[in-house]
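# Coordinate analysis (summary)
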Amino acid sequence: MSSSGRGHLRVYLGAAPGVGKTYKMLGEAQRRRERGTDVVVGLVETHGREHTAEMLDGLEVVPRKILDYRGASFTEMDLDAVLARRPEVVLVDELAHSNIPGSRHAKRWEDIDELLAAGIDVISAVNIQHLESINDVVEKITGVPQQETVPDRVVRAADQIELVDMTPEALRRRMAHGNVYQADKIDAALGNYFRVGNLSALRELALLWLADRVDAGLQQYRSQHDIDSTWEARERVVVALTGGPEGETLIRRAARIAARSSGGDLLAVHIARSDGLTGANPAKLAQQRQLVESLGGTYHQVVGENVPESLLAFARAENATQLVLGGSRRSRLAALFTGPGIGASSIRGSGDIDVHIVTHSEMGRGRLPRVRGSISRRRLIYGYLLAVLLPPALAALLGIGDALNLTSNVLAFLFAVVVVALVGGLWPALLTAIAGTLVLNWFFTPPTKSFTITEPNNALALGIFVLIAGLVSSVVDRAARRTRQAARSAAESETLATLAGSVLRGETALPALLERVREAFGMTGACLMERLETDELTETWRPIASAGTPTCRRPEDGDAEIPGRDDLVLVLQGRSLAADERRLVGAFAAHAAALVDKARLSEAAAEAKPLAEADKLRTALLRAVGHDLRSPLASAKASVTSLRSSDVDWSPAERDELLETADESLDRLTRLVDNLLDLSRLQAGVLPVFTRPMALDEILPGVLAELGDAADAVRVDLPHTLPLVAADPALLERVIANLLANAVRHSPAGRAPLVTGSSLGDKVEIRVVDRGPGIPRADRDRVFAPFQRLGDTDNTTGVGLGLALARGLTEAMSGSLQPEDTPGGGLTMVVSLPVATLRPDDAPVPGSRERSGEETS
């Protein structure tokens, strides 16, 4: 049991049925029992496998609860009995299982969550195809839709996940030996779901999914323990983009490097520089981002003062193993002025990250470097060194008073001041000017070797020299300052443009936005918090969304808090923000607040939509059913009143006729009310649907019985080779009965309606065929609207709910109902339902008929 009092969850993950998850789970239970742990079996499915059943010996099994549903009996785990027994560990098989209606929870993982909340450790098992995020991928691979799924977050939250692995060939041998299915199912399973290709793909999905989960845990561990060094557990290739023309070459090269190792990740990063050295092309960056995402990579943007340091910090934060850079576009002459480039600096500081310098067609074609937008510490050091060394060196070069006149000497020292100003800025240049003045006065102004100036012209020259030196130094420093501000503004504009682009692309997920903020500003965590209530002493906050590893519970716990509005605060952890950075983060905070408002408005609209639909339904109901409710009520009332009358002496035949009239009227009223109630439940989304594998001929007796005498005019021709369908028997019976009643009503005398069926791929089509007048193509959508008879004024046939209800019930069972023309005249209603596939992990459902067909999970 954890310190929080919540139980631990251990999950055995398999690629396919039959790999041995349940066997492994029981083996773990036996080991714990031998160590003295109180272990019970809440629910384990052996599926008739002898060796699995033997593993139950010696384990206490909690009796299952029996539930009745639609005339059949089912068993489920007795949750209350397990909670009352309160063992240390309980085994609960089939994590993704859907409980029988009437159970406390709809899904078995919800039962497990209640057990964990009670402090009971749980051991469970699940196959990879039942994970919600992989459901569609599995259907593409196997051609079989998965009816039961479990949210990924449930499995990811498990304390331990153990992969139960087996090669496809070994699993097929197990099946051939009869260790998975009964003999009559082996051939069908091996030829359908359990093909080598299917099993290999499912195995790879399981391995990759588990690798991602392990990687997330590794990143969290590294963050919690402040580990910055690279752990080469998985290849991660980072490619640096500048928005230049060489970007596509670098991306493709990095993608090839990542592809050499299975499961390698590709990450592209652009450092939005704040020192003014480069200006990225937004259009080029947008194209390169699309290329990265098309190759399966991710795009990131970071604001950094120093490009090599920011690049390496990002790579280490992502646990990157390789860094791909482009060869410098600077010419050799430019390199002399700027010193080591980004590539060389990155290599020196890369440590255990491999750095690839990729050649391209733009190498060496750059111009002379632009003036940097800020005076870095290195440039200041160089400037002060020049200020100290240049004046004496220049004095020695000029020959100490003999080579040139004073004017030429002053110009030479002025040149030295300009050079120092360009390198080190204002203060080194002023120092050079002062030193130059002293050197000129001592060595070049008569009388030499003395600070005395005898001629006014010499004093004027030195004064003008000091003034010009100061002005030049000030201009250079101001230009550097303005360039730095412009570069910072450009970087902010680039970041805001990226934010605006994400809005235009429809990226509205709050976690994604917070992750973008965290990456861009080099933070360890970002969290959007909402103030719930405030009193005189305390404020209560709750996190809405987060990225990274935030640990704050209040805004004060973070290193920076940026208000999005009065009750929303964006909290960042990692470092404090400068004033200009806070302004930029404020734009992200405002956008996050807008996303929260949008999400809540969408939720409110979604909640209001069913109410509006219900109101619309009630309005239509009141308008349409007035006469149809009164007519059978009036008939039944008149018949009963007549029978109770003492003024007339009714004969037995007349009494029977009145009773029959009352009975038929009440039957019509019952059907009408049932249809109205079911349609209302469909509209509100609360109609219970429980599908199971079933044969079509199971429902025919009930359908014909509901038609009464009209059933004699119906022909049934259902092939015996039809596979089972996945449907709710009671609902499917209502659908076919409504369609047949409509067909009988519109069929001419002597032309009996026909019910037939066929299979096509993974669908079974049931056709109800009549030879009536048919429906014009323009009206085929209208015919399924509630209370619609297409101009039929015969109110004795009902209020027009039959077809609307039939389509709604069919779609609730994941099917479809479409009208077609009957060849030779008439209307054919086609009910399409998915082929039922017996799940390999489940025992046959009671009441279903076993047939050969496709196997699924």
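Residues numbered from 1 in each chain as written. Predicted model: local features only at pLDDT ≥ 70, side-chain atom pairs only at ≥ 80, totals over all residues. Heavy atoms only, no water.

## Side note on the overall build of the protein
Where we set the bar: Per the convention used, a helix needs a DSSP run of H or I reaching at least four residues, while a strand needs a run of E reaching at least two, with both numbered from the N terminus. Using a 1.4 Å probe on the protein chains alone, a residue whose accessible area is under 20% of its type maximum counts as buried, one over 50% counts as exposed, and one in between counts as partly exposed. When checking whether two residues touch, look at their non-hydrogen atoms; a contact exists if any pair is within 4.5 Å. All accessibility values rest on the Shrake-Rupley procedure with a 1.4 Å probe; residue burial counts only the protein chains present in the view.
The number of helices and strands found in the protein is 25 helices and 24 strands. Split into buried and exposed, the 857 residues of the protein put 45% on the buried side. Sequence-distant contacts, at least 24 apart, represent 71% of the contacts inside the protein between residues at least 6 apart. Counting every atom, the protein has about 42700 Å² of accessible surface; 54% of that belongs to carbon and sulfur.

## Examining the packing of helix α16 (residues 406–424) against helix α17 (residues 426–444)
Let me state the cut-off plainly: For helices, the fitted axis covers only the stretch in contact; all axes are lines through C-alpha atoms, and the angles between them, taken along N-to-C directions, range from 0 to 180 degrees. Here is the rule for angles: anything less than 35 degrees is roughly parallel, anything more than 145 is roughly antiparallel, 65 through 115 is roughly perpendicular, and the remaining ranges are oblique. For a crossing to be left-handed, the near helix must be turned anticlockwise from the far one by less than a right angle; the clockwise case is right-handed. Under the scheme applied, nonpolar residues are Ala, Val, Leu, Ile, Met, Phe, Trp, Tyr, Cys and Pro; charged residues are Asp, Glu, Lys and Arg; polar residues are all the others, including Gly.
Interaxial distance between α16 and α17 falls to 8 Å at its minimum, and their mutual angle equals 160°. Classed by the angle they form, the pair α16 and α17 counts as roughly antiparallel. Seen along the crossing, α16 lies across α17 with a hand that is right-handed. Touching L406, N409, V410, F413, A416, V417, V420, A421 and G424 of α16 are L426, P428, A429, T432, A433, G436, V439, L440 and F444, all from α17. Among the residues forming the contact of α16 with α17, the class breakdown is 14 nonpolar, four polar and no charged.

## A short note on a nonpolar patch on the surface
Let me state the cut-off plainly: The residues that make up patches have over 30% relative accessible area and no salt bridge, and they are joined within 9 Å when like-charged or within 5 Å when they are Val, Leu, Ile, Met, Phe, Trp or Tyr. Think of a salt bridge as a Lys or Arg side-chain nitrogen and an Asp or Glu carboxyl oxygen that are within 4 Å of each other.
A contiguous nonpolar surface patch, about 900 Å² in accessible area, is contributed by L380, I381, Y382, Y384, L385, V388, L389, W427 and L431. Sorting the residues of the nonpolar patch by element identifies α15 (377–398) and α17 as the ones contributing at least two each. Tracing the backbone through its elements, the reader meets Y384 in helix α15.

## What about the environment of S816?
Mapped onto the fold, S816 is located in strand β23 (residues 816–821). Taking the relative accessible area as the measure of exposure, S816 reaches 27% and is therefore partly exposed. Sequence separation between S816 and V830 is 14 residues, and the spatial gap between their C-alpha atoms is 8.0 Å. With sequence-adjacent residues up to four places away left out, S816 is seen in contact with T810, V830, V831 and S832.

## So, the sheet that holds β23
Strand pairing in a sheet is mediated by backbone hydrogen bonds. Such pairs are either parallel or antiparallel. This is how it is decided: By the convention used here, strands pair only if DSSP detects at least 2 bridges between them.
Read across the open sheet, the five strands follow the order β19-β21-β22-β24-β23; overall the sheet is mixed. Of all the strands in the sheet, just β19 (715–717) and β23 have a single pairing partner and so form its edges. Averaged over all neighbouring strand pairs, the angle between strand axes comes to 20°, with direction disregarded.

## Overview of the sheet that holds strand β2 (residues 39–43)
Read from one edge to the other, the open sheet built from six strands follows the order β3-β2-β6-β7-β1-β8, with strand pairing classed as parallel. Looking at which strands have only one partner, the edges of the open sheet turn out to be β3 (60–61) and β8 (160–164). Pairing geometry for β2 and β3, over two bridges, is parallel. Looking at the pairing, V41 lines up with V61 of β3.

## Overview of the confidence of the model for the protein
What counts is decided by this rule: pLDDT expresses how confident the predictor is about each individual residue, on a scale running from 0 to 100.
Of the residues in the protein, 75% have a pLDDT of 70 or more, and the chain-wide mean is 76. Of all helices and strands in the protein, the one with the weakest mean pLDDT is helix α13 (residues 332–338) (47), whereas strand β6 (residues 89–92) scores best (95). Contacts for the low-pLDDT stretch residues 333–338, under 50 throughout, to residues beyond four places or in other chains number 11 contacts. Below a pLDDT of 50 lies the segment residues 840–857, which in the model reaches 70 contacts outside its immediate sequence neighbourhood of four places, other chains included.

## Things to note about unusual backbone geometry
Excluding glycine, most residues fall at negative phi; most peptide bonds, likewise, are trans. A positive phi is found at R86, a non-glycine position, where the angle reads about 50°. Secondary-structure assignment places R86 in the loop between α3 (79–85) and β6. A positive phi angle, near 55°, is found at E94, a position not held by glycine. Secondary-structure assignment places E94 in the loop between β6 and α4 (108–117).

## A closer look at the pairing of strand β22 (residues 763–769)
Along a regular strand, successive side chains alternate from one face of the sheet to the other. The buried fraction of β22 amounts to five of the seven residues, a majority that puts the element mostly inside the structure. When strand β21 (residues 754–760) meets β22, the two strands line up antiparallel, connected through seven bridges. For G757, the partnering residue across the bridge sits in β22 and is I766. Taken together, β21 and the strand that follows it, β22, pair antiparallel across an intervening segment of two residues, in which G761 is found at a positive phi of about 65°.

## Focus on the packing of aromatic side chains
We apply this condition: Two rings belonging to Phe, Tyr or Trp (six-membered ring only in the last case) form a pair when the distance between their centres is within 6.5 Å. Interplanar angles under 30 degrees mark stacking, angles over 60 mark edge-to-face geometry, and anything in between is tilted.
Within the structure shown, the criterion is met by one aromatic pair. Residues F74 and F690 carry aromatic rings whose centres are separated by 5.8 Å and whose planes lie at 80° to one another, so their mutual orientation is edge-to-face. Here F74, found in strand β5 (residues 72–76), pairs with F690, found in the loop between α22 (652–684) and β18 (692–694); they are 616 residues apart in sequence, far enough to count as distant. The exposure class assigned to F690 is buried, which follows from its relative accessible area of 15%.

## Some points on the pairing of β5
Side-chain alternation along β5 places A72, F74 and E76 on a buried face and S73 and T75 on a face that remains uncovered. Looking at chain direction, strand β4 (residues 65–69) and β5 are connected through five bridges and run antiparallel. Each residue of the ladder has a partner; that of I66, found in β5, is T75. Taken together, β4 and the strand that follows it, β5, pair antiparallel across an intervening segment of two residues, in which R70 is found at a positive phi of about 50°.

## What about the nonpolar core?
Heads up, the condition is: Among buried residues, those of type Ala, Val, Leu, Ile, Met, Phe, Trp, Tyr and Cys that are joined through side-chain atoms within 4.5 Å constitute a nonpolar core.
Residues L91, L115, I128 and V150 are the most contacted members of the largest nonpolar core, which totals 57 residues. Of the residues forming this core, the biggest block, six residues, is contributed by helix α9 (residues 196–224). Contacts of L115, omitting those with residues within four sequence positions, involve M77, L79, V82, L83, V90, V92, I120 and V122. Among the nonpolar cores identified, the runner-up in size contains 37 residues, and V703, F784, A806 and L809 belong to it.

## Points about the environment of L707
Structurally, L707 is set in helix α23 (residues 700–707). In this structure the C-alpha to C-alpha distance between L707 and A741, which are 34 residues apart in sequence, comes to 6.8 Å. Look past the residues within four positions of L707 in its chain and what remains in contact with it is V714, A737, L740 and A741.

## Some words on the environment of G424
By the element assignment, G424 lies in helix α16. Distance from G424 to V476, taken between C-alpha atoms, is 9.4 Å for residues 52 residues apart in sequence.

## A word on helix α11 (residues 282–294)
Condition: For a helix, the expected span equals 1.5 Å multiplied by the residue count minus one. The arc in question is traced by the directions running from the helix axis to the C-beta atoms.
The end-to-end C-alpha distance of α11 is 18 Å, a good match for the 18 Å that 13 residues give at a rise of 1.5 Å each. Buried within α11 we find L285, Q288, R289, L291 and V292. Looking straight down α11, one finds its buried side chains confined to an arc of 165°; they lie on one side. For α11, the exposed residues lying more than 90 degrees away from the buried face are Q290 and S294.

## A word on the side chain of Q30
Within the secondary structure layout, Q30 lies in helix α1 (residues 21–34). Relative accessible area serves as the criterion here: at 11%, Q30 is assigned to the buried category. Look past the residues within four positions of Q30 in its chain and what remains in contact with it is M55, L56, D57 and L59.

## Regarding the pattern of salt bridges
In a structure, side chains of opposite charge can pair up when their charged atoms sit close to one another. Taken as a whole and judged by the stated rule, the model has 19 salt bridges. One salt bridge connects R236 with D265, and the closest N-O pair in it is separated by 3.4 Å. With a gap of 29 residues between them, R236 in strand β9 (residues 236–241) and D265 in strand β10 (residues 265–273) connect regions that are remote in the sequence. On the basis of relative accessible area, D265 is assigned to the partly exposed category, the value being 23%. For R289, the salt bridge is made with E293, and the minimal N-O distance between the two is 3.1 Å.

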